[in-house]
Amino acid sequence: MPEEIIRSLTVDGMRYGYRLLPRDPAAGGAPATEPVLVIGGALQGMFGWPQMDDHLGPVADVVTADLPGMGSADPLPPGPSAPVLRDAVTGIIDDLGAARVNLFGFSYGAAIAFGWAQHAPERVARLALGGVPTRIGEDRRVHWERATQALADGDAEGFATLATDGLMCLDPERPVHRRELARRYVRRSFLHALTHSAHAADSLRRALADRPDFSGGLSGVPALVFAGEHDTVTPPQIQREFAGTIEGSRFLTLPESDHWVVLERSDEVAALVTRFFTDQPLDPAAARLPHQARTGSPAPR
């Protein structure tokens with residue numbers, strides 16, 4: 001396995017960074033695809049994607065990041081975060097010297113990846129989005145408001161439990177693979193972040209309270225959207241509707257998983273994304289969707 005490279009960057013005076021795992025030369029030949037930039041949720045920084053390293057490492061350079069507000073990066077300033085995060089992603093891709101990249105965004109990171117693809121579609125070879133929070137139900141919002149109030153009251157344990165449960169399907173009638181393992185991991189991650197990062201509380205509040213913009217559609221970028229079949233944050237049908245606003249997109253529901261499909265079905269997700277980024281056949285269930293009318297206004301270019 002090649003040695004990873006850690007790079008530090010700044011955007012608007014904020015420090016952030018990325019991790020580059022060069023393609024394993026033992027795989028032989030030329031890379032099978034463009035570099036892959038992975039953007040996760042609020043707690044999924046540059047060291048949280050070993051399954052992607054394992055599956056993508058033989059075919060491409062793998063890039064993971066601590067964007068502003070995440071991991072070891074500086075906190076985000078008050079106000080809208082989308083423009084800052086978009087510029088931070090541009091900084092990474094420019095620093096790589098890559099003409100085009102494959103983008104993978106999950107949950108909160110799906111909004112960042114989608115927004116960047118709208119901003120610079122000519123630089124995106126392929127786009128994969130999972131657990132896309134396009135429309136969040138009122139019951140989830142009420143649950144997260146209780147969680148953020150617990151955090152404001154200094155109850156980290158209560159916050160971690162409420163926030164974790166609000167992101168998972170706990171209905172015993174709906175089977176979820178490795179549910180309890182994922183639940184313990186997510187809760188422990190919340191507590192660890194709150195204990196070890198001075199701005200974790202603000203980052204978590206933003207991730208739970210932000211209303212990302214998924215309007216405007218997208219053309220000219222091959223795209224895959226996938227969801228856990230029991231995602232209670234944004235149900236799969238709503239994610240499918242969003243996928244239909246991306247011209248030529250594919251959509252797939254993964255069984256026995258919820259919003260945390262990347263934990264519960266980690267190897268399946270990594271294998272799926274690897275096949276997509278290397279133009280291999282996908283599961284027949286990954287239907288190609290008819291393109292729906294765009295909604296809202298296109299993102300600024």
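The coordinates are above.
Since we're looking at a predicted model, the values are computed, not measured.

Draft legend 1. Local environment of the overall build of the protein. When you go through the protein residue by residue, the secondary structure sums to 10 helices and nine strands. Structurally, the protein occupies a C-alpha span of about 55 × 40 × 40 Å along its principal axes. The buried share among the 301 residues of the protein stands at 56%. Looking at the protein alone, contacts between residues at least 24 apart form 73% of all its contacts between residues at least 6 apart. When the 29 positive and 38 negative side-chain charges of the protein are each reduced to one mean point, those points stand 3 Å apart.

Draft legend 2. Geometry of empty space enclosed by the protein. Within the structure shown, the criterion is met by two cavities of 30 Å³ or more. Space inside the second largest cavity adds up to approximately 60 Å³.

Draft legend 3. The arrangement of the pattern of salt bridges in detail. Scanning the model with the defined rule gives 16 salt bridges in all. The salt bridge partner of aspartate 95 is arginine 7, with a shortest N-O separation of 2.9 Å. Of this pair, aspartate 95 sits in helix α2 (residues 82-96) while arginine 7 sits in strand β1 (residues 5-11), placing them 88 residues apart in sequence. Judged by relative accessible area, which is 29%, aspartate 95 ranks as partly exposed.

Draft legend 4. Structural context of the packing of aromatic side chains. One pass over the full model with this rule turns up eight aromatic pairs. Here the aromatic rings of phenylalanine 276 and phenylalanine 277 are separated by 5.8 Å at their centres, their planes lie at 45°, and the arrangement is tilted. The pair phenylalanine 276 / phenylalanine 277 is uniform in exposure class, with both members buried. A network of ring pairs unites the aromatic residues Trp49, Phe104 and Phe226 as a single cluster.

Draft legend 5. Just helix α5 (residues 156-166), in detail. Counting buried positions over the 11 residues of α5 gives eight, a clear majority of the element. Taken together, the buried positions of α5 are Gly158, Phe159, Ala160, Leu162, Ala163, Thr164, Asp165 and Gly166.

Draft legend 6. Up close: the layout of surface pockets. Put simply, the largest pocket is a space of about 690 Å³. Leu43, Gln44, Gly45, Tyr185 and Ser189 are the residues nearest the centre of the largest pocket, which is lined by 28 residues in total. When contributions to the lining of the largest pocket are tallied by element, the ones reaching two or more residues are α1 (50-56), α6 (179-196), α7 (200-209) and α9 (261-264). The element that contributes the greatest number of residues to the lining of the largest pocket is α6, accounting for six residues. Grouping the amino acids of the lining of the largest pocket by side-chain chemistry returns 13 nonpolar, 14 polar and one charged.

Draft legend 7. Seen up close, the nonpolar core. The biggest cluster of nonpolar side chains holds 47 residues, and the ones touching the most others in it are Leu67, Ile92, Leu103, Leu127 and Leu129. With eight residues, the top contributor of residues to this core is helix α3 (residues 108-119). If we skip the residues at most four places from it in the chain, leucine 67 touches Tyr16, Ile39, Ala73, Leu85, Ala88, Val89, Ile92 and Ile112. Phe106, Trp144, Leu167 and Phe226 belong to the second-largest nonpolar core, a separate cluster that totals 46 residues.

Draft legend 8. Molecular detail of α6. An ideal rise of 1.5 Å per residue puts 26 Å on 18 residues; α6 measures up with 26 Å between its terminal C-alpha atoms. Of all the residues in α6, the buried ones are Arg179, Ala182, Val186, Ser189, Phe190, Leu191 and Ala193.

Draft legend 9. Here's a closer look at the environment of aspartate 74. Take aspartate 74: it is sitting in the loop between β4 (62-66) and α2. A relative accessible area of 18% means that aspartate 74 is categorised as buried. Filtering out sequence-adjacent residues up to four positions away, aspartate 74 remains in contact with Gly13, Met14, Arg15, Pro68, Gly69 and His199. A distance of 2.8 Å separates the side chain of aspartate 74 from the backbone nitrogen of arginine 15, its partner in a polar contact.

Draft legend 10. Highlighting the side chain of glutamine 118. Here glutamine 118 shows up in helix α3. Given a relative accessible area of 10%, glutamine 118 falls into the buried group. A distance of 2.9 Å separates a polar atom in the side chain of glutamine 118 from the backbone oxygen of serine 215.

Draft legend 11. View of unusual backbone geometry. Here the phi dihedral of serine 107 falls at roughly 55°; this positive angle occurs in a residue that is not glycine. On the secondary structure map, serine 107 appears in the loop between β5 (101-106) and α3. What makes serine 107 buried here is its relative accessible area of 14%. For aspartate 279, which is not a glycine, the phi torsion comes out positive at approximately 60°.

Conventions and cut-offs
- Residues numbered from 1 in each chain as written.
- Predicted model: local features only at pLDDT ≥ 70, side-chain atom pairs only at ≥ 80, totals over all residues.
- Heavy atoms only, no water.
- Helix = DSSP H or I, 4+ residues; strand = E, 2+ residues; numbered from the N terminus.
- Buried < 20%, exposed > 50% of the residue type's maximum accessible area, 1.4 Å probe, protein only.
- Contact = heavy atoms within 4.5 Å.
- Lys, Arg positive; Asp, Glu negative; His and termini not counted.
- Charge placed at Lys NZ, Arg CZ, Asp CG, Glu CD.
- 1 Å grid on protein atoms, 1.4 Å probe; cavity = no way out; pocket = protein on both sides within 12 Å on 5 of 7 lines; lining within 4 Å.
- Points joined across faces, edges and corners; volume = space filled by probe spheres on them.
- Salt bridge = Lys/Arg side-chain N within 4 Å of Asp/Glu carboxyl O.
- Phe/Tyr/Trp six-rings, centres within 6.5 Å; stacked < 30°, edge-to-face > 60°.
- Nonpolar A, V, L, I, M, F, W, Y, C, P; charged D, E, K, R; others polar.
- Core = buried A, V, L, I, M, F, W, Y, C linked by side-chain atoms within 4.5 Å.
- Expected span 1.5 Å × (residues − 1).
- Polar contact = N/O pair within 3.5 Å; in protein donor to acceptor, adjacent residues only side chain to side chain.

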